Amino acid sequence: MARKGARSGARTRRRRPLLTLLLILILIPVGSVALHRFVPPLFTILMVRQAVAGHGIDYRWRSLERISPNLVRAAIAAEDARFCEHQGFDFDAIQKALKANEQAEQSGSSKVRGGSTISQQTAKNVFLWPGRDWVRKGLEAGYTGLIELGWGKRRIMEVYLNVAEWAPGVYGAEAAAQHWFGKSASDLSVQQAARLAAILPAPRRYRAANPGPYVQRRARRIQANMGEVRAQGLDRCVLL
């Protein structure tokens, strides 16, 4: 009996470090999500990488109340029309993106279409590193579920608009509005908000001020869709 008890005790001691590690792996993401429910992120991995590359960091946090509703509608119109309806993942958009990418690959095109929601983009921007590897995508899914559960839609949108990159080294709606238009994020017009949303897929390539033909066309489409967002109440979970 004593020998059997000794073996059982040895197994328990061997399992203890594994259980401790598992507990830590669970508590770190849960704790960081809980913290950022109330505290703005000090920086993101992307900010650090861009700063090391020589772009600096212009990052100015503003509460959602100090950001124009036009930019909220522009982000929904451009990036995630079903933001208020889904629970973090838009499976219809993912399926369409996979089909479009398969067709592009067959035709020899290098253009890749994304199906990420604003919630997924926020999870990636705040907690993870840029990239498309499967480890990061798995972590992104976990963090997306956590912020949907712990933050709610208004906080997700608030963080998204504050940490998104809008030009090399420029992060957040306030810094973007000042950089491109010389005004506060609270004063953005419908057209300016649409132009900011239009450059989100490639903010280091395109300009929101004095834009080229592509951004002008995209901004016009976004501006038209912003009217639909407002008319159909697609912003109801964010704008009270």
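Residues numbered from 1 in each chain as written. Predicted model: local features only at pLDDT ≥ 70, side-chain atom pairs only at ≥ 80, totals over all residues. Heavy atoms only, no water.

**Student:** Explain helix α8 (residues 173-181) to me, using residue names and the numbers behind them.
**Tutor:** Every buried residue of α8 is listed here: A173, E174, A175, A176, A177 and W180. In the core, the buried residues of α8 are packed alongside β1 (58-59), α3 (69-79), α7 (153-163), β2 (165-167), β3 (170-171) and α9 (190-198). Positive phi shows up at G182, right after α8, with a value of about 65°. (Buried < 20%, exposed > 50% of the residue type's maximum accessible area, 1.4 Å probe, protein only. Helix = DSSP H or I, 4+ residues; strand = E, 2+ residues; numbered from the N terminus. Contact = heavy atoms within 4.5 Å.)

**Student:** Can you break down the packing of α3 against α9 residue by residue, with the values?
**Tutor:** Pairs of packed helices are described in terms of their axes, by the angle between the two and the distance that separates them. Viewed as axis vectors pointing N to C, α3 and α9 meet at an angle of 40°, and their least axial separation amounts to 8 Å. With respect to each other, α3 and α9 are oriented oblique. Note on packing geometry: the crossing formed by α3 with α9 is right-handed. In this structure, α3 contributes N70, L71, A74, A75 and A78 to the contact, and α9 contributes V190, A193, A194, L196 and A197. (Axes fitted to C-alpha atoms, helices over the stretch in contact; angles between N-to-C directions. Parallel < 35°, antiparallel > 145°, perpendicular 65-115°, else oblique. Left-handed = near helix turned anticlockwise from the far one by under 90°.)

**Student:** Account for the nonpolar core, naming residues and giving values.
**Tutor:** The biggest cluster of nonpolar side chains holds 55 residues, and the ones touching the most others in it are L71, M157, L161 and W166. Discounting chain neighbours no more than four positions away, the residues touching W166 are L71, L161, Y171, G172, A173, A176, W180, L196, A197, I199, L200 and P203. (Core = buried A, V, L, I, M, F, W, Y, C linked by side-chain atoms within 4.5 Å.)

**Student:** I'd love a proper account of the environment of R195, names of residues and values included.
**Tutor:** Looking at where R195 falls in the secondary structure, it is placed in helix α9. For the pair formed by R195 and A219, sequence separation is 24 residues and the distance between their alpha carbons is 5.0 Å. Excluding anything up to four places from it in sequence, R195 contacts F181, A208, N210, P211, V215 and A219.

**Student:** An account of the packing of aromatic side chains is requested, with residue identities and associated values reported.
**Tutor:** Going through the model one piece at a time under the given rule, you end up with 4 aromatic pairs. An angle of 5° between the planes, with centres 4.5 Å apart, marks the rings of F127 and Y143 as stacked. With F127 in helix α5 (residues 118-127) and Y143 in helix α6 (residues 134-150), this pair connects stretches of sequence that are 16 residues apart. Residue classification places F127 among the buried residues on the basis of a relative accessible area of 14%. Each member of the aromatic cluster is reached from another via a ring pair, and the members are F127, Y143 and W151. Sitting above the plane of the F38 ring, R37 keeps its charged end 5.2 Å from the centroid. If you follow K153 out to its NZ or CZ, it ends over the ring of F83, 4.6 Å from the centre. (Phe/Tyr/Trp six-rings, centres within 6.5 Å; stacked < 30°, edge-to-face > 60°. Lys NZ or Arg CZ within 6 Å of the ring centre and 35° of its normal.)

**Student:** Mind laying out the environment of Q223, listing which residues take part and the relevant values?
**Tutor:** For Q223, the position within the fold is in helix α10 (residues 213-232). As a C-alpha pair, Q223 and Q191 span 32 residues in sequence and 6.7 Å in three-dimensional space.

**Student:** Tell me about the pattern of salt bridges, residues and numbers included.
**Tutor:** Applying the stated criterion across every chain yields a total of 12 salt bridges. Between E140 and R136 there is a salt bridge, with the nearest N and O atoms lying 2.4 Å from each other. One end of the pair, E140, and the other, R136, are both in helix α6, 4 residues apart, so they sit about a helical turn from each other. Owing to a relative accessible area of 2%, E140 belongs among the buried residues under this scheme. According to the relative accessible area criterion, R136 is buried, its value standing at 3%. Through salt bridges that share partners, R82, E85 and D90 make up one connected network. (Salt bridge = Lys/Arg side-chain N within 4 Å of Asp/Glu carboxyl O.)

**Student:** Quick rundown of the side chain of Q192? Include the residues and the values.
**Tutor:** Relative to the assigned elements, Q192 resides in helix α9. A polar atom in the side chain of Q192 sits 3.1 Å from the side chain of K183. Setting aside residues up to four positions removed in sequence, Q192 forms contacts with F181, K183 and D187. (Polar contact = N/O pair within 3.5 Å; in protein donor to acceptor, adjacent residues only side chain to side chain.)

**Student:** So what about the state of the cysteines? Which residues, and what values?
**Tutor:** If you walk through the whole model with that rule in mind, you get 1 disulfide. Each sulfur in the disulfide pair C84 and C237 lies 2.0 Å from the other. What sets the handedness of the C84 and C237 disulfide is the S-S torsion sign, and at about -75° it is left-handed. Linking C84 in the loop between α3 and α4 (91-107) with C237 in the segment after α10, this pair joins segments that are 153 residues apart in sequence. (Disulfide = S-S within 2.5 Å.)

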